[in-house]
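Letter by letter, the chains look like this.
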Amino acid sequence: MGPGYAKETALPPARAELAAKYAVWQAGTLDPAACPVRDVLDRVGDKWSMLLLIALADGPLRFSALLRTLPDISKRMLTQTLRDLERDGFVARTVFPTKPPSVEYRLTDLGVALLEPLARLVRWAEESHGAIQAARTRFDAAPS
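Analysis parameters
Every chain is numbered on its own, with residues counted from 1 as its sequence reads. Local features in this predicted model are restricted to residues whose pLDDT is 70 or higher, and side-chain atom pairs enter the listing and the counts only when it is 80 or higher, whereas totals over whole chains, interfaces and linings include all residues. As a rule here, side-chain values cover all heavy atoms of the structure and leave hydrogens and water aside. The way it works is a 1 Å grid over only the protein atoms, where trapped points that fit a 1.4 Å probe form a cavity and open points with protein on both sides within 12 Å along at least five of seven lines form a pocket, and then any residue with an atom within 4 Å of a point lines it. Grid points are joined across faces, edges and corners, and a volume is the space filled by probe spheres set on the points. Only DSSP runs of H or I reaching four residues or more are called helices, and only runs of E reaching two or more are called strands; each is numbered from the N terminus. Gly falls in the polar group here, along with every residue not listed as nonpolar (Ala, Val, Leu, Ile, Met, Phe, Trp, Tyr, Cys, Pro) or charged (Asp, Glu, Lys, Arg). Helix axes use the C-alpha atoms of the stretch in contact, all axes being lines fitted to C-alpha atoms, and the angles between their N-to-C directions lie in the range 0 to 180 degrees. Orientation is classified from the angle alone, with under 35 degrees giving roughly parallel, over 145 giving roughly antiparallel, 65 to 115 giving roughly perpendicular, and any other angle giving oblique. In this description, contact between two residues means that some pair of their heavy atoms is separated by no more than 4.5 Å. We define a salt bridge as a side-chain nitrogen of Lys or Arg found within 4 Å of a carboxyl oxygen belonging to Asp or Glu. Only protein chains enter the accessibility calculation, which uses a 1.4 Å probe. A residue is then buried if its area is under 20% of the maximum for its type, exposed if over 50%, and partly exposed in between. Nonpolar cores were defined as sets of buried Ala, Val, Leu, Ile, Met, Phe, Trp, Tyr and Cys residues, with membership established by side-chain atoms within 4.5 Å.

Looking up the chain in an unreviewed UniProt entry gives the name Transcriptional regulator, HxlR family, with the organism given as Methylobacterium radiotolerans.

A. Up close: the layout of surface pockets. One number sums up the size of the largest pocket: a volume of about 260 Å³. Around the largest pocket, the lining residues are V40, L41, V44, G45, M50, L114, P117, L118, R120 and L121. Mapped by element, the contributors of at least two residues to the lining of the largest pocket are α2 (36-44) and α6 (109-141). Residues belonging to the lining of the largest pocket are distributed by class as follows: eight nonpolar, one polar and one charged. Empty space within the second largest pocket amounts to approximately 190 Å³. Considering the residues around the second largest pocket, the lining is formed by A14, E17, L18, K21, P36, V37, V40 and L41. Elements that contribute at least two residues to the lining of the second largest pocket include exactly α1 (13-26) and α2.

B. Quick peek at the packing of helix α3 (residues 47-56) against helix α5 (residues 75-87). It is at 10 Å that the axes of α3 and α5 come closest, and there the two elements cross at 75°. As summarised for this structure, α3 and α5 are arranged roughly perpendicular, according to the angle between their axes. Judged by residue contacts, W48, S49, L52 and L53 of α3 engage M77, L78, T81, L82 and L85 from α5. Grouping the amino acids of the contact of α3 with α5 by side-chain chemistry returns seven nonpolar, two polar and no charged.

C. Representation of the environment of V95. You can see V95 is positioned in strand β2 (residues 91-96). Residues V95 and R62 lie 33 residues apart in sequence; the distance between their C-alpha atoms is 9.8 Å. Not counting residues within four places of it along the chain, the set of residues in contact with V95 comprises P101, S102 and V103.

D. Region of interest: the pattern of salt bridges. As enumerated under the stated definition, the model contains four salt bridges in all. Residue E116 pairs with R123 through a salt bridge whose shortest N-O separation is 3.7 Å. Residue E116 is classed as partly exposed on the basis of its relative accessible area, which comes to 44%. Each of R43, D84 and D88 takes part in one network of salt bridges that share partners.

E. Quick peek at the nonpolar core. L52, L53, L66, L78, F90, V91 and Y105 are the most contacted members of the largest nonpolar core, which totals 21 residues. Contributions of two or more residues to this core are made by α3, α4 (63-69), α5, β3 (102-107) and α6. It is α3 that provides the largest number of residues to this core, a total of six residues. Apart from residues lying up to four places away in sequence, L78 is in contact with L52, F63, L66, L67 and I73.

Now the structure itself:
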């Protein structure tokens, strides 16, 4: 069953759901190349995608505003990440016919739908960050 659960104790719903999905995957019924979890997490799991989705949660922003929001991202990485998010349907790009043209990025309906699970992950990260840092410190101090 796993640590902290006696055989007669039911798993919490999320844990039971994940355990059941993992059992199906282990049974070989899912092609790893077609795995939706891997495919989606490859995109939204990288730090720049998540931070850009969070930045766009409050509304559309232009490229330069996004660059200011994330000062440690390069222009090249920002461009690539926005293209990837647009390709996957999370972000829409609008070009305005100005001189020079200005470009605005906004979340699509799919991007907005991702905000709730992303908000839960952010809350968990904030609540757990201290414990994670403490675990790292203990691990790094332990003899190999």
